[in-house]
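So you can see what is in the structure, the chains are spelled out below.
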Amino acid sequence: MYKICMNCGKKYDLSEKKCPKRKCPVCGGKIETQYTEEEMREIKKQNDDMVVINTLLM
């Protein structure tokens, strides 16, 4: 998983300790989190599991 600046396009790896939280240190632009395909599949699976659990509880 990494973050990418919306203005200048610079990538920051989330495994690094110096990864900025909200603003790009180069241009000051907004930073958005980007997920890999594997991470997206895992998030979708977790969301699907929660839909089933919530449906059963209602």
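All values reported here derive from a predicted model rather than from experimental measurement.

Q: Outline the pattern of salt bridges, supporting the account with residue identities and numerical values.
A: This model, assessed by the stated rule, comprises 1 salt bridge. Ionic pairing is found between K44 and D48, a salt bridge with its closest N-O pair at 3.7 Å. Remark: D48 and K44 occur in helix α1 (residues 37-57); sequence separation between them is 4 residues, near one turn of the helix. A relative accessible area of 53% means that K44 is categorised as exposed. On the basis of relative accessibility, which here comes to 39%, the residue D48 falls in the partly exposed class.

Q: Give me the state of the cysteines: which residues, what numbers.
A: Tallied over the full model, the rule gives 0 disulfides. No disulfide involves C27; its sulfur sits 3.4 Å from the nearest other cysteine sulfur, which is in C5. Given the relative accessible area of 39%, C27 is considered partly exposed.

Q: So what's going on with the confidence of the model for the protein? Residues and values would help.
A: Predicted confidence across the protein gives a mean pLDDT of 83, with 91% of residues reaching 70 or more. When mean pLDDT is taken per element in the protein, α1 scores highest with 90 and strand β2 (residues 11-13) scores lowest with 81.

Q: Tell me about the sheet that holds strand β3 (residues 31-34), and name the residues and values.
A: The antiparallel open sheet is built from 3 strands, whose spatial order is β2-β1-β3. Each having just a single partner strand, β2 and β3 make up the two edges of the open sheet. The mean inter-strand angle of the sheet, taken between neighbouring strand axes irrespective of direction, is 30 degrees.

Q: So what's going on with the environment of L14? Residues and values would help.
A: Tracing the backbone shows L14 in the loop between β2 and β3. It is 11 Å that separates the C-alpha atoms of L14 and Y35, two residues lying 21 residues apart in sequence.

Each value, and the rule that gives it
Residues numbered from 1 in each chain as written. Predicted model: local features only at pLDDT ≥ 70, side-chain atom pairs only at ≥ 80, totals over all residues. Heavy atoms only, no water. Salt bridge = Lys/Arg side-chain N within 4 Å of Asp/Glu carboxyl O. Helix = DSSP H or I, 4+ residues; strand = E, 2+ residues; numbered from the N terminus. Buried < 20%, exposed > 50% of the residue type's maximum accessible area, 1.4 Å probe, protein only. Disulfide = S-S within 2.5 Å. pLDDT = per-residue confidence, 0-100. Pairing = 2+ DSSP bridges. Axes fitted to C-alpha atoms, helices over the stretch in contact; angles between N-to-C directions.

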